[in-house]
Amino acid sequence: MTPMTAAVLLDIEGTTTAISFVYDALFPYAAQAIPAFVRARAHEPAVRAAVDAILNDALPSEREVDPLATAIAVVQRQMAADVKATGLKQLQGLVWQHGYETGAIKGHVYADVPTMFSTWQKSGRQIAIYSSGSVLAQKLLFRHSVAGDLTPYLCGHYDTQVGPKREAASYTAIAAAWKKAPGEITFCSDQPAECAAAVAAGMQAIVLLRPGNPPLPANLPFPIHADFFKV
């Protein structure tokens, strides 16, 4: 059994939230809404910053006179390939914000999530999120979740601006930002490669096998749990 630590760092997709929610709800909503959203709100600083970051990823063949058309083309290519690009994630977060705030989207969380957030908080364990989705997207999901506003339980949010999720240096950076020794943190994810990176940084790690997650390889060097009750 993994020793209980002072803090818990959580992935989202396949860990707190069903993979199907991301692919069947969030991604289709963004894909449909982004073209009109970009053209209508390109004058807003946050949208402009996301578009500028997206344009840095444009291929020569995608460059057009109209930068907004180019950005939309890049976004469509990146979403089709499930690319974890920072500019794309920023723009998706802004689009999802509109969807959450209008009630078009409610963030899915598994039934044990609000229970364990409360249990961990009462026992003095801090909780933070590390996801490839932007910090904005993370906050929106938990603020507008099917279980209500869960953000009061969370004391930190980290995304790809910290670094890739499969590199140990990213977890070292999170521990430093959180002002904790890596050994004080348990990282939970559905991805063994992410858990391996966390362990390489000195953290504890647990793999989540939630309903709908793909099968896991045999003989993993991490505990495997179906929920958070024994984390």
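Residues numbered from 1 in each chain as written. Predicted model: local features only at pLDDT ≥ 70, side-chain atom pairs only at ≥ 80, totals over all residues. Heavy atoms only, no water.

1. Some details on the pairing of strand β5 (residues 204-208)
Most of β5 is tucked away: four of the five residues are buried. Of the pairings in the sheet, the one linking strand β4 (residues 185-189) to β5 comprises four bridges and is parallel in character. In the sheet register, T186 faces β5, and the bridge partner there is Q204. After leaving β4, the chain enters helix α8 (residues 192-200) and then returns to the sheet as β5, a path that is right-handed. (Buried < 20%, exposed > 50% of the residue type's maximum accessible area, 1.4 Å probe, protein only. Helix = DSSP H or I, 4+ residues; strand = E, 2+ residues; numbered from the N terminus. Pairing = 2+ DSSP bridges. Right-handed = clockwise from strand over helix to strand, strands pointing away.)

2. Thoughts on α8
Those residues of α8 not exposed but buried are P192, E194, C195, A197 and A198. On its buried side, α8 packs onto α7 (168-178), β4 and β5. Backbone geometry just downstream of α8 places G202 in the positive-phi region, at approximately 105 degrees. (Contact = heavy atoms within 4.5 Å.)

3. Quick look at the environment of P35
Within the secondary structure layout, P35 lies in helix α1 (residues 19-41). Apart from residues lying up to four places away in sequence, P35 is in contact with I72 and Q76.

4. So, the packing of helix α2 (residues 45-55) against helix α3 (residues 67-80)
Where α2 contacts α3, the two axes come as close as 9 Å, and the packing angle between them is 70 degrees. The angle between the axes of α2 and α3 places the two elements in the roughly perpendicular class. Between α2 and α3 the crossing geometry is left-handed. Listed contacts from α3 to R48, V51, I54 and L55 of α2 are P67, L68, T70, A71, V74 and V75. (Axes fitted to C-alpha atoms, helices over the stretch in contact; angles between N-to-C directions. Parallel < 35°, antiparallel > 145°, perpendicular 65-115°, else oblique. Left-handed = near helix turned anticlockwise from the far one by under 90°.)

5. Description of the packing of α1 against α3
Between α1 and α3, the least distance of the axes is 10 Å, while the angle of their chain directions is 175 degrees. It follows from the interaxial angle that α1 and α3 lie roughly antiparallel. Taken together, the residues of α3 that come into contact with α1 (itself represented by F27, A30, A31, I34, P35, V38 and R39) are L68, A69, I72, V75, Q76 and M79.

6. A closer look at the nonpolar core
Grouped burial of nonpolar side chains is what soluble globular proteins tend to show. The biggest cluster of nonpolar side chains holds 52 residues, and the ones touching the most others in it are L10, F117, W120, F142 and F228. Top element by residues in this core is α1. It accounts for eight residues. Other than its neighbours up to four places away in sequence, L10 contacts T16, F117, W120, I127, A128, I129, Y130, F187, C188 and F228. Judged by nonpolar contacts, the second largest core, of 19 residues, contains Y130, W178, A198 and M203. (Core = buried A, V, L, I, M, F, W, Y, C linked by side-chain atoms within 4.5 Å.)

7. Focus on the sheet that holds strand β1 (residues 7-10)
Overall, parallel pairing links the six strands, which are arranged β3-β2-β1-β4-β5-β6 in an open sheet. Since the sheet does not close on itself, it has two edges, and those belong to β3 (156-158) and β6 (224-225), each with one partner. Bridging between β1 and strand β2 (residues 126-130) involves four bridges; their strand directions are parallel. If you follow L10 over to β2, its bridge partner there is I129. Sheet contacts for helix α6 (residues 135-143): β2 and β3; angle to β3, the most-contacted strand, approximately 135 degrees.

8. Structural notes on the packing of aromatic side chains
Counted according to the given criterion, the structure contains eight aromatic pairs. When the centroid spacing of 5.1 Å and the interplanar angle of 75 degrees are considered together, the rings of Y23 and F27 count as edge-to-face. Highlighted residues: Y23 and F27, both in helix α1, separated by four residues, approximately one helical turn. On the basis of relative accessible area, Y23 is assigned to the partly exposed category, the value being 34%. Note on F27: relative accessible area 11%, which makes it buried. (Phe/Tyr/Trp six-rings, centres within 6.5 Å; stacked < 30°, edge-to-face > 60°.)

Coordinates in, geometry out; function isn't part of it.
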